[in-house]
Amino acid sequence: MIADGAQLFVRYAYPPNARGSCGPPDSDALLHYGQSGVTDQGLRELAKGFAGAWPYLELIAGSTGIADPLDPRVVEAYWVGNSLLDSVGITNIGNSMQDRFRARTGLQFPHLVEGVLAGGVPHHSFHVFEIYPWLGLLRDERRYATALNVLDRCRIRWGEVLAITGDEAVVSSRPLVWDGVTLGVGEPVVESAKFAVNGTGFIAGLSVGDTVSLHWDWVCDRITPHQIQQLKHFTARHLKIANTGVEHRGAAIALEH
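Here is what the cut-offs are and how they apply
Residues numbered from 1 in each chain as written. Predicted model: local features only at pLDDT ≥ 70, side-chain atom pairs only at ≥ 80, totals over all residues. Heavy atoms only, no water. Buried < 20%, exposed > 50% of the residue type's maximum accessible area, 1.4 Å probe, protein only. Helix = DSSP H or I, 4+ residues; strand = E, 2+ residues; numbered from the N terminus. Patch = residues over 30% accessible without salt bridge, like charges linked within 9 Å, V, L, I, M, F, W, Y side chains within 5 Å. Areas by Shrake-Rupley, 256 points an atom, 1.4 Å probe, with all protein chains shown as cover. Salt bridge = Lys/Arg side-chain N within 4 Å of Asp/Glu carboxyl O. Pairing = 2+ DSSP bridges. Phe/Tyr/Trp six-rings, centres within 6.5 Å; stacked < 30°, edge-to-face > 60°.

Caption draft 1: How the structure looks around helix α4 (residues 54-64). Of all the residues in α4, the buried ones are Trp54, Tyr56, Leu57, Leu59, Ile60 and Ala61. Looking at the residues trailing α4, positive phi occurs at Gly65, about 75 degrees.

Caption draft 2: A nonpolar patch on the surface, seen in detail. Residues Ile90, Val113 and Leu117 make up a contiguous nonpolar surface patch of roughly 270 Å² in combined accessible area. Tracing the chain through its elements places Ile90 in helix α6 (residues 90-105).

Caption draft 3: Representation of the pairing of strand β9 (residues 218-222) in the model. β9 sits mainly inside the fold: four of its five residues count as buried. Pairing between strand β8 (residues 211-215) and β9: four bridges, direction antiparallel. When the bridges of β9 are listed, Leu214 appears paired with Val219. Hairpin connection between β8 and β9: a loop of two residues separates the two successive antiparallel strands, and Trp216 in this loop has a positive phi of roughly 50 degrees.

Caption draft 4: Spotlight on the environment of Pro16. Locating Pro16 in the fold gives a position in helix α1 (residues 5-18). Put simply, Pro16 and Trp216 are 200 residues apart on the chain and 6.8 Å apart in space, counted from C-alpha to C-alpha.

Caption draft 5: Structural view of the packing of aromatic side chains. Enumeration according to the criterion identifies eight aromatic pairs in this entry. An angle of 55 degrees between the planes, with centres 6.0 Å apart, marks the rings of Phe9 and Trp79 as tilted. Here Trp79 lies in helix α5 (residues 72-79) and Phe9 lies in helix α1, a separation of 70 residues in the sequence. Aromatic side chains Tyr14 and Phe202 sit 5.8 Å apart centroid to centroid with 85 degrees between the ring planes, which places their arrangement in the edge-to-face category.

This is the structure:
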């Protein structure tokens, strides 16, 4: 984990921002911050513009006595997972869900509460599987393939670098699979993911054999065995919660990433 939490945030937030699915419209600015490694007030303001992620960072920081939502421990907790998440407390999580989502989700809100009561914590996989609307579309024969792809790409996943060609890495990773009843993690497949633009990226010296985290079609970071364990743990935790309530989910209001 890098020591600069704002730069760590860039690594995970840039891929969906570049797609136009979340955050401020100027994705080039975020890219340049990540490429240069510069952290200033401008970057902090960009981070605050992520209406999906920023409130979770504030929740984790405020609930654990950490002053800065961009503290690297807080940023790691949200995107990858760490021990801070189980210190946030169910009351704080519930109040945050109430403030953010009750008016926007209507009749779906009780299912969000059920997710919190079942052990949901402010990890990115909670937002993907419990808040994001795509889970409810898995039972729609016309749209389940699209829904599965979005859920898979939107979550933070892990993989091993097999080869590097130019600005892209060939990575072995495990995709989400849907058997008509249960959402789970399947067997490894090979995919290509970007890690740089025009030869400049966020990770110095990416090499074959590195274990990495991925978000959409980007390599986000080189991660340790402990981080992989945490990412797997919180992914499995929220998949289990999602699978207990998938039959109740409708096409909820689209919420920002």
